[in-house]
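# Results of the structural survey
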Amino acid sequence: MTQQNAERTASPVSETAPESSSRRQWLKGMSLAAGSLLIPISASWLTSPEARAADAADGHLIEINDWIRIDADGTTVLGLSQCEVGQGVYTGLPQVLADELDADWRRVRVEFVTARDAYRTAAANEALQQFVGASMSATLFYERLRIAGAQAREALVAVAARRFGVRTTNCVTRDGRVMHPQSGRSLGYGELAAEAAKLPLNPHPRLKNEATHSLIGKTVSRLDTPSKVDGSAVFGIDVKVPDMLIGAILMAPTSGGAPLSVRNRDAIKARKGVHDVVLAKDAVIVVADDYWRAKKACDALDVEWKAGPAADSTTIMAQRREALVKAKGGVATNIGDAPALIAAGGKVVTSEYHTPYIVHATMEPVNATVHVRRDKGEIEVWGPIQGQDKVRWALGGIFKLPPEKVTVHTTFLGGSFGRKYVPDFVIHAAVASAAVGRPVKVIRSREDDIRHGFYRPCASGRFQAVLGDDGLPKAMHMRVAGQSMYNVIKKDHYEKAGYDETMLDGLYDLVYAVPNLRVEGIDVPQPNIPVSFMRSVGSTSSVFFLESFIDEMADAAGIESIAYRKRLLKHDPLATRVVEETEKAAGWRTKAKAGVHRGFGYCTYTGRGAAFSTYVAVAVELRVVGDRFKVERVVCGVDCGRAINPNLIRANIEGGIGFALTNTFKSQITFANGGVEQSNFGDYPLLYLVEMPKVETVILPSDRPPQGCGEVSLPPMAPAVAQAIRRATGVRPRSMPLPQTVTEARALRQADDTGKGQG
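You'll find the chain entered in an unreviewed UniProt entry as Isoquinoline 1-oxidoreductase subunit beta, with Pandoraea sputorum given as the organism.

Here you go:
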């Protein structure tokens, strides 16, 4: 691939094409509609038709609206505001847009777009911004893109009808053409685009009947697959811009550490190909002609470090366990008087559960290319960016520039899982660029990527219930202690509430019917450990606690686990349907094969700010092979609303299950002497391909709008596997990562017998 083509792919036309001053104005006072859905209107649409036509005159592509540009030859370029991190939006969202537009799918091209209000959304209590996260792209953009496609289609039809001399209602559209069936005449969109761009756009166009959709709901092949196979896809690490240098980075040996000086700085700068040694707030960056020279120079640095506060996993665990018993918690839910009912006695069930810190460990380590142009008062960024506006705000604040002076070009992301929303790696590249006056690409090593990530917080839960005569809980008291994510969420909102809701995902909005319920969250601060969002956020911990406890209550009541759940879910027909369909598909009522042990987990996954509700259940089959546990089969039933592309849903479910199994059996970040002990995949391993089970996904039909599916299969996996392990060994693991062998499971039983177990 040529450098010119690489740059074109990495640089969205919407940011590099000449624009009128009106295009650069951000809309003021725009209010969010229900569910954070905005009519896709931009400042460019508020100008005159003549001004918009003039804006388009510079190039062959004619802009119809913020999302659609059409070439004279009929090629249609569809804008994608959401970064592609592997979840499939590069195909799924253009499907929606192309369907309403009636574009010729064979002539569609997708480009990343940025910096307009049409591309911004709000998540819960955060500011309106362009970002990807919380599995909300399909939910928040489905209606928005349908409107945009219908607007463009109406404008094209209006031009064609005038040329045909007929009413618009006598015209039909298909495959990028407007046709007049009565006369047999037709015109391609490319022939109509220039004139259509001059028309005012209808803010309330007539949408197609869903029964007439030709792309939405269909299994369409992914558009990004060919370029990822032939190597032409541009990831952050592939970016090349003129006059670019490369930076390698050395982070402090302790969390929260900082460089005081580089003792051999002059000697390192004297090396061939090295341009500078730059001290950042938390790291040292060597800037050189290429990565090899920069990395070798980094390895030779002699740095005097200011140590960060001590961090120790044993101490952190002790703090959490003490907090569960003694600390006052912020009350998220209080129905009836659960503590009093439990204290009164009866059939009381009590358990304690724990999860560790884990890190994103993306296949492509964090990297970014930045050019700080101090003389022009502007900054340009290229890279795997999950939060475009987050980058604009951060760099604008550091360099005292308005956010619109920071241009962000989005590439493909080699995995993120939430990591590349935090702009620390972009700041490092910007600091290096400002020091040398040239564009600099900074690439973080795998070791520093793991040792200096933003971690999914650890958590501990203490659950109590008293069961009634029917075996169902009369009251439940759930307390969760862990490090809050106040550093990345609006702290003032959660301080007023008294708890971090991400810590209590699936608990404070409990789906199960419990007449007396108290849910508390307890912040156990660890100021030196940075934490942030990770795929499924707090649900990985909280649903592990909850579903494991549901199994413990079912065992105490002598009721089969799925039957127990269905009794607690009988008020919710959608949840019950997913449980029953998964049970049926898994053959749960038939006798398991010899040596196979089963487990089950359920979750109602609620998007941030109640943006969506997805119902998901998993049934796992586990076998003991030698001494090791092997998950052989997973059946996952999911109701995620209307399926835009069933193939993408299956891929998200399957990938989520693989990700969950890595976390279930292997993932754990530990701290000692103030730093992270793990450094690479040798001591922070991933699930091997041979360990991946057969996955059968059951997508339940739904007339609800599309709901999230990128994260939903993770939470119920660990408790389902834990239940299967208990059935295989008689030992119930209550801490993640779960034991991988029978020997490890028996060690847990021995520890429990001596009072030193998991709680």
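Right, picking up where we left off after that structure.
Position of Leu 145 among the secondary structure elements: in helix α5 (residues 137-164). Overall, Leu 145 belongs to the buried group, its relative accessible area being 3%. Placed 51 residues apart in sequence, Leu 145 and Pro 94 show a C-alpha to C-alpha distance of 8.3 Å. Those residues within four positions of Leu 145 in sequence are excluded, and the remaining contacts are Trp 67, Leu 93, Val 96 and Leu 97.

Glancing now at the packing of aromatic side chains. This structure, assessed with the given rule, holds 21 aromatic pairs. A centroid spacing of 5.8 Å and a plane angle of 45° characterise the contact between Phe 235 and Phe 412, whose relative ring orientation is tilted. Of this pair, Phe 235 sits in the loop between α7 (225-230) and β8 (245-251) while Phe 412 sits in the loop between β17 (406-410) and α13 (424-436), placing them 177 residues apart in sequence. Since its relative accessible area comes to 21%, Phe 235 is described here as partly exposed. A ring pair is formed by Phe 544 and Phe 545, whose centres lie 6.1 Å apart and whose planes are at 55°; its orientation type is tilted. The class for Phe 544 is buried, based on a relative accessible area of 0%. Judged by relative accessible area, which is 0%, Phe 545 ranks as buried. Here the aromatic residues Tyr 353, Phe 463, Phe 544, Phe 545 and Phe 549 are joined through ring pairs into a cluster of three or more.

What follows deals with the sheet that holds strand β21 (residues 516-523). If you trace the 5 strands from one edge of the open sheet to the other, you get β13-β21-β20-β19-β14, paired in mixed fashion. This sheet does not close on itself; its edge strands, each paired only once, are β13 (330-335) and β14 (347-355). Going across the sheet, the axis of each strand differs from the next one's by a mean of 10°, ignoring polarity. Strand direction decides the pairing type here: strand β20 (residues 473-482) and β21, joined by 8 bridges, are parallel.

A few words on the sheet that holds strand β11 (residues 283-288). The 7 strands lie next to each other as β10-β11-β8-β18-β15-β16-β17, forming an open sheet whose pairing is mixed. Looking at the sheet topology across the chains shown, the edges are occupied by β10 (274-279) and β17. Averaged over all pairs of adjacent strands, the angle between strand axes in this sheet comes to 20°, irrespective of strand direction. The sheet contact formed by strand β15 (residues 367-373) and strand β18 (residues 440-443) spans 4 bridges and is antiparallel. Paired with Thr 369 across the strands is Lys 441, a residue of β18. Most of the contacts of α13 go to β15, to which it runs at about 40°, and overall it touches β8, β10, β11, β15, β16 (378-383) and β18.

This part is about the pattern of salt bridges. Scanning the model with the defined rule gives 54 salt bridges in all. In this structure, Asp 102 engages Lys 208 in a salt bridge whose closest nitrogen and oxygen atoms are separated by 2.9 Å. You can see Asp 102 sitting in the loop between α4 (89-101) and β4 (108-112) and its partner Lys 208 sitting in the loop between α6 (189-196) and α7, a full 106 residues away along the chain. One salt-bridge network, in which partners are shared between bridges, spans Glu 100, Arg 146, Arg 153, Glu 210 and Arg 642.

The buried count for β17 comes to 5 of 5 residues, which makes it a mostly enclosed element. Judged by which residues are buried, β17 turns out to be covered on both faces: Val 406, Val 408 and Thr 410 on one side and Thr 407 and His 409 on the other are all buried. Two strands pair when backbone bridges link them, and β16 and β17 are joined in this way by 5 bridges, in the parallel orientation. If you follow Val 381 over to β17, its bridge partner there is Val 408.

With that settled, the discussion passes to the side chain of Asp 448. Structurally, Asp 448 is set in helix α14 (residues 446-451). No salt bridge is formed by the buried Asp 448, whose closest oppositely charged neighbour, Arg 451, lies at an N-O distance of 5.8 Å. Apart from residues lying up to four places away in sequence, Asp 448 is in contact with Ile 249, Leu 250, Met 251 and Gly 453.

Unfilled space is identified by rolling a water-sized probe across the atoms. All told, the structure shown has 8 cavities of 30 Å³ or more when counted by the stated rule. Size it by volume and the second largest cavity reaches roughly 120 Å³. Lining of the second largest cavity is provided by 14 residues; of these, Pro 457, Gln 483, Thr 502, Met 503 and Gly 538 occupy positions nearest its centre. Partitioning the lining of the second largest cavity into residue classes produces 7 nonpolar, 5 polar and 2 charged.

The interhelical angle for the contact between α4 and α5, taken along N-to-C directions, is 35°, at an axis separation of 6 Å. Judged by the sense of rotation from one axis to the other, the crossing of α4 with α5 is right-handed. Touching Val 89, Leu 93, Val 96, Leu 97, Glu 100 and Leu 101 of α4 are Ser 137, Ala 138, Phe 141, Tyr 142, Leu 145, Arg 146, Ala 148, Gly 149, Ala 150, Ala 152, Arg 153 and Leu 156, all from α5. Residue classes in the contact of α4 with α5 are distributed as 13 nonpolar, 2 polar and 3 charged.

Take Thr 411: it is sitting in the loop between β17 and α13. Looking at Thr 411, the relative accessible area reads 1%, which means it is buried. At 3.1 Å, the side chain of Thr 411 forms a polar contact with the backbone nitrogen of Gly 236.

The next thing to look at is the nonpolar core. Of all hydrophobic cores here, the largest spans 162 residues; its most connected members are Tyr 602 and Val 721. When residues of this core are assigned to their parent elements, the largest contribution, 13 residues, is made by α5. Summarising the domain contributions, this core has at least three residues from each of domain 1 (61-224) and domain 3 (313-357 + 456-753). Formed by 29 residues, the second largest nonpolar core is a distinct cluster that contains Ala 283, Val 366, Val 391 and Leu 395.

With an omega of 0°, the peptide bond between Met 736 and Pro 737 qualifies as cis. Take Pro 737: it is sitting in the loop between α20 (717-729) and α21 (742-753). Even without being a glycine, Asp 243 presents a positive backbone phi close to 65°. Here Asp 243 shows up in the loop between α7 and β8. What makes Asp 243 partly exposed here is its relative accessible area of 49%.

The next subject is helix α18 (residues 573-585). With 13 residues, α18 should cover 18 Å at 1.5 Å per step; its first-to-last C-alpha distance of 18 Å lies within 8% of that length. Inspection of α18 places Ala 575, Thr 576, Val 578, Val 579, Thr 582 and Glu 583 among the buried residues, and these make up the whole buried set. Projection of α18 onto a plane perpendicular to its axis shows the buried side chains occupying an angular sector of 160°, all on one side. Away from the buried face of α18 by more than 90 degrees, exposed residues Pro 573 and Lys 584 are located. Between a side-chain oxygen at the N-terminus of α18 and the backbone nitrogen of Leu 574 the separation is 3.2 Å; the capping residue is Asp 572.

Rules of the game
Residues numbered from 1 in each chain as written. Predicted model: local features only at pLDDT ≥ 70, side-chain atom pairs only at ≥ 80, totals over all residues. Heavy atoms only, no water. Helix = DSSP H or I, 4+ residues; strand = E, 2+ residues; numbered from the N terminus. Buried < 20%, exposed > 50% of the residue type's maximum accessible area, 1.4 Å probe, protein only. Contact = heavy atoms within 4.5 Å. Phe/Tyr/Trp six-rings, centres within 6.5 Å; stacked < 30°, edge-to-face > 60°. Pairing = 2+ DSSP bridges. Axes fitted to C-alpha atoms, helices over the stretch in contact; angles between N-to-C directions. Salt bridge = Lys/Arg side-chain N within 4 Å of Asp/Glu carboxyl O. Lys, Arg positive; Asp, Glu negative; His and termini not counted. 1 Å grid on protein atoms, 1.4 Å probe; cavity = no way out; pocket = protein on both sides within 12 Å on 5 of 7 lines; lining within 4 Å. Points joined across faces, edges and corners; volume = space filled by probe spheres on them. Nonpolar A, V, L, I, M, F, W, Y, C, P; charged D, E, K, R; others polar. Left-handed = near helix turned anticlockwise from the far one by under 90°. Polar contact = N/O pair within 3.5 Å; in protein donor to acceptor, adjacent residues only side chain to side chain. Core = buried A, V, L, I, M, F, W, Y, C linked by side-chain atoms within 4.5 Å. Domains from an automatic or database assignment. Expected span 1.5 Å × (residues − 1). Arc of directions from axis to C-beta.

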